[in-house]
Protein chains: 2
Amino acid sequence: MNRLLVERKVLGENDRIALELRKRFRAQGTLCLNLISAPGSGKTSLLESTLRDCRPQDRVAVLTGDIQTDNDASRLRRFGFPVKQITTGGTCHLDARMVERALADWPGHNLEILFIENVGNLVCPASYDLGEAAKIALLSVTEGDDKPLKYPSIFFRSSLMLITKLDLLPYVPFDLAEAEKNARRVHPGIEIRGISTVTGEGVREWRLWIEKQREPHRLAALASVL
Amino acid sequence: MNRLLVERKVLGENDRIALELRKRFRAQGTLCLNLISAPGSGKTSLLESTLRDCRPQDRVAVLTGDIQTDNDASRLRRFGFPVKQITTGGTCHLDARMVERALADWPGHNLEILFIENVGNLVCPASYDLGEAAKIALLSVTEGDDKPLKYPSIFFRSSLMLITKLDLLPYVPFDLAEAEKNARRVHPGIEIRGISTVTGEGVREWRLWIEKQREPHRLAALASVL
């Protein structure tokens with residue numbers, strides 16, 4: 001069918017640009033993390049908490065995607081690190097071309113970490129490689145422990161499932177063990193952490209997870225200057 | 001661009017089928033409601049509550065869309081009304097063709113109400129007319145009061161914004177007045193109700209809203225037999 005062919009062509013073109021981005025990030029020693037979730041799962045709150053804990057000398061930046069508004073970028077700029085908004089104007093996901101364009105006139109070449117906050121959508125962003133080192137799927141406890149089975153593609157492609165809003169656990173019928181079991185049925189190797197940016201639970205484990213991902217990128221950056 | 005042309009053709013074809021469906025629903029006196037929200041906003045819980053309150057003689061049915069699994073259909077079948085699952089197999093929304101096919105071998109011709117539970121996605125389902133009398137956008141209080149501005153298309157096209165999980169209001173930073181203001185900035189004529197299927201708050205108002213929508217369909221059904 002014509003539509004499938006066009007989709008395949010679009011994804012092929014996306015993969016080509018994503019490959020270039022990935023090479024560039026590796027050469028620069030930049031860890032790029034692509035945060036994906038439903039609307040309102042806490043991507044922006046997680047980034048607020050993460051930036052708040054960064055030291056001024058950390059070379060950290062955020063690209064944040066939204067269909068409309070730059071609310072998220074405004075929230076994130078308060079911490080003093082570079083934040084750039086990509087407004088997709090109706091498109092339901094970020095693609096590699098949007099990221100490439102956003103980086104073109106931006107001081108992204110010496111970053112240690114680049115966070116990409118995708119459009120709030122648990123379906124479409126899964127299909128678009130952005131050149132990231134890892135996709136992270138956020139799942140809020142208010143959404144239900146069945147979601148990894150219902151939206152398998154994103155959990156299959158993510159390195160980490162981050163269960164958010166742990167502080168709301170007492171008020172919702174969410175079974176942590178069931179959520180883990182469901183995620184591992186879809187993706188046996190997925191790492192799983194929990195976090196609440198309200199109580200601070202899991203914040204340290206989240207930081208440690210990021211640090212662990214940074215190791216190979218640090219070595220690459222070191223090798224490039226030796 | 002080729003991709004845009006294909007999208008336009010797909011949407012044109014969808015609108016044609018949706019128009020046929022709408023004519024059929026009107027002629028049969030069937031009120032068709034298309035429920036749209038992010039994953040985990042409470043579409044299935046709302047339908048469980050709604051079916052639980054129906055009388056056995058009510059001619060009510062549900063078409064429920066999911067990318068994978070038939071969990072929702074299993075949950076909804078317990079109430080004894082016809083429930084049919086549409087598994088989209090990766091597609092991020094329902095379209096009119098899927099609804100037409102699902103109805104082809106189904107006793108849908110004498111229904112009073114047909115609920116369509118769309119795929120959990122606040123973006124893509126907004127573009128696909130399913131022949132419904134009204135779209136309903138569910139927004140859970142855990143998702144944040146800014147969402148109507150960030151995902152304007154669905155709130156612009158919905159007749160009703162149903163704010164769900166009111167029982168969680170004490171635990172989350174959600175401002176009801178702000179959510180209403182944001183929804184009305186996008187769509188001044190949108191109706192707004194709140195509901196909690198846990199405490200029962202707003203359930204009566206939700207039933208009354210449905211009854212109000214049924215009036216013209218009841219008259220149409222009556223006219224067709226006179």
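A few points on the structure. (Residues numbered from 1 in each chain as written. Chains lettered and ligands numbered in written order. Predicted model: local features only at pLDDT ≥ 70, side-chain atom pairs only at ≥ 80, totals over all residues. Heavy atoms only, no water.)

**Some thoughts on the overall build of chain A**
- The helix and strand inventory of chain A stands at eight helices and seven strands.
- Taken over the C-alpha trace, chain A has a radius of gyration of 17 Å; the compact-globule value for 226 residues is 17 Å, and the two agree within 12%.
- Once the C-alpha set of chain A is aligned to its principal axes, its extents read approximately 50 × 50 × 35 Å.
- Out of the 226 residues in chain A, the part that is buried amounts to 58%.
- Counted over contacts in chain A with a minimum sequence separation of 6, partners at least 24 positions apart contribute 71%. (Helix = DSSP H or I, 4+ residues; strand = E, 2+ residues; numbered from the N terminus. Rg over C-alpha atoms; globule rule 2.2 N^0.38 Å. Buried < 20%, exposed > 50% of the residue type's maximum accessible area, 1.4 Å probe, protein only. Contact = heavy atoms within 4.5 Å.)

**Quick word on the nonpolar core**
- Phe155(A) and Phe155(B) are the most contacted members of the largest nonpolar core, which has 52 residues in total.
- Those elements that provide at least two residues to this core are strand S5 (134–140), helix H6 (152–157), strand S6 (160–164) and helix H7 (176–186) of chain A together with strand S5 (134–140), helix H6 (152–157), strand S6 (160–164) and helix H7 (176–186) of chain B.
- Setting aside anything within four residues of it in sequence, one finds Phe155(A) in contact with Leu122(A), Ala137(A), Leu139(A), Lys147(A), Pro148(A), Met161(A), Val186(A), His187(A) and Ile190(A). (Core = buried A, V, L, I, M, F, W, Y, C linked by side-chain atoms within 4.5 Å.)

**A short note on the sheet that holds strand S7 (residues 191–194) of chain B**
All names here are of chain B.
- The strand order S3-S2-S4-S1-S5-S6-S7 describes an open sheet built from seven strands, whose pairing is parallel. Pairing within the sheet leaves two strands with one partner each, and these edge strands are strand S3 (83–87) and S7. Put simply, the sheet's adjacent strands are angled 20° from each other on average, direction ignored.
- Bridging between strand S2 (residues 60–66) and strand S4 (residues 113–117) involves five bridges; their strand directions are parallel. What sits directly across from Val62, in S4, is Phe115.
- Packing against the sheet, helix H4 (residues 96–104) makes contact with S2, S3 and S4, and its axis sits at approximately 140° to S3.
- Against the sheet, H7 makes contact with S6 and S7, and its axis sits at roughly 155° relative to S6, the strand it touches most. (Pairing = 2+ DSSP bridges. Axes fitted to C-alpha atoms, helices over the stretch in contact; angles between N-to-C directions.)

**Description of the pattern of salt bridges**
Residue and element names in this part refer to chain B.
- As enumerated under the stated definition, the model contains 42 salt bridges over all chains in all.
- As a salt-bridge pair, Lys212 and Glu191 come within 3.2 Å of each other at their nearest N and O atoms. Pair noted here: Lys212 is in helix H8 (residues 203–225) and Glu191 is in strand S7, with a separation of 21 residues, a long-range link.
- Looking at Lys212, the relative accessible area reads 49%, which means it is partly exposed.
- Given the relative accessible area of 22%, Glu191 is considered partly exposed.
- Note that Glu211 is salt-bridged to Arg214, the shortest N-O span being 3.9 Å. Of the two residues, Glu211 and Arg214 are both situated in helix H8; the distance of three residues between them amounts to about one turn of the helix.
- Glu211 sits in the partly exposed class, given a relative accessible area of 26%.
- Relative accessible area serves as the criterion here: at 12%, Arg214 is assigned to the buried category. (Salt bridge = Lys/Arg side-chain N within 4 Å of Asp/Glu carboxyl O.)

**Considerations on the relation of the copies chain B and chain A**
- With an RMSD of 0.0 Å, the operation that places chain B on chain A is a rotation of 180° combined with a shift of 0.0 Å along the axis. Taken together, the rotation and translation relating the two chain copies correspond to the operation of a two-fold axis.
- Residue by residue, 100% of the interface of chain B is reproduced at the interface of chain A, so both copies engage with the same surface. (Least-squares fit on C-alpha atoms with pLDDT ≥ 70 in both.)

**Concerning the side chain of Glu112(A)**
Residue and element names in this part refer to chain A.
- Note on placement: Glu112 falls in the loop between helix H4 (96–104) and strand S4 (113–117).
- Within the local environment of Glu112, its side chain forms a polar contact with the side chain of Arg214, the two groups lying 3.4 Å apart.
- Dropping the residues within four chain positions of it, Glu112 is found in contact with Gly29, Thr30, Leu31, Asp58, Arg59 and Arg214. (Polar contact = N/O pair within 3.5 Å; in protein donor to acceptor, adjacent residues only side chain to side chain.)

**Description of the pairing of S5(B)**
All names here are of chain B.
- Counting buried residues along S5, seven of its seven residues qualify, which places the element largely inside the surrounding structure.
- Along S5, one buried face is formed by Ala134, Ile136, Leu138 and Ser140 and the opposite face, lined by Lys135, Ala137 and Leu139, is buried too.
- Examined bridge by bridge, strand S1 (residues 31–36) and S5 share four bridges and lie parallel to one another. Its bridge partner lying in S5, Leu33 is registered against Ala134.
- Bridging between S5 and S6 involves five bridges; their strand directions are parallel. The residue bridging Leu139 from the neighbouring strand is Ile163, located in S6.

**Structural notes on the side chain of Lys135(B)**
All names here are of chain B.
- Relative to the elements of secondary structure, Lys135 occurs in strand S5.
- Of the polar contacts made by the side chain of Lys135, one reaches the side chain of Glu132; its length is 2.8 Å.
- The residues contacting Lys135, other than those within four sequence positions of it, are Asn34, Ile36, Pro125, Ala126, Tyr128, Asp129, Ile154, Arg157, Ser158, Ser159 and Leu160.

**Quick word on the interface of chain B and chain A**
- Contacts between the two partners involve 34 residues from chain B, matched on the other side by 34 residues from chain A.
- Surface buried jointly by chain B and chain A totals about 2,800 Å² across both partners, of which 62% is contributed by carbon and sulfur atoms.
- The largest per-residue losses of area from chain B upon contact with chain A belong to Arg3(B), Pro39(B) and Lys150(B), which jointly make up 21% of the total buried on that side.
- Seen at the junction of chain B and chain A, the total is four salt bridges.
- With its nearest N and O atoms 3.5 Å apart, the salt bridge here joins Lys150(A) to Asp66(B).
- Summed over the shared surface of chain B and chain A, the number is nine residue pairs in polar contact (both at pLDDT 80 or more).
- Of all the secondary structure elements, the ones that give two or more residues to the side of chain B that touches chain A are helix H1 (2–28), helix H3 (71–77) and helix H5 (147–150) of chain B.
- Among the elements that make up the side of chain B that touches chain A, the one with the highest residue count is H1(B) (four residues).
- Looking at the side of chain B that touches chain A, its residues break down into 16 nonpolar, 10 polar and eight charged. (Buried area = accessible area lost by both parts, 1.4 Å probe. Nonpolar A, V, L, I, M, F, W, Y, C, P; charged D, E, K, R; others polar.)

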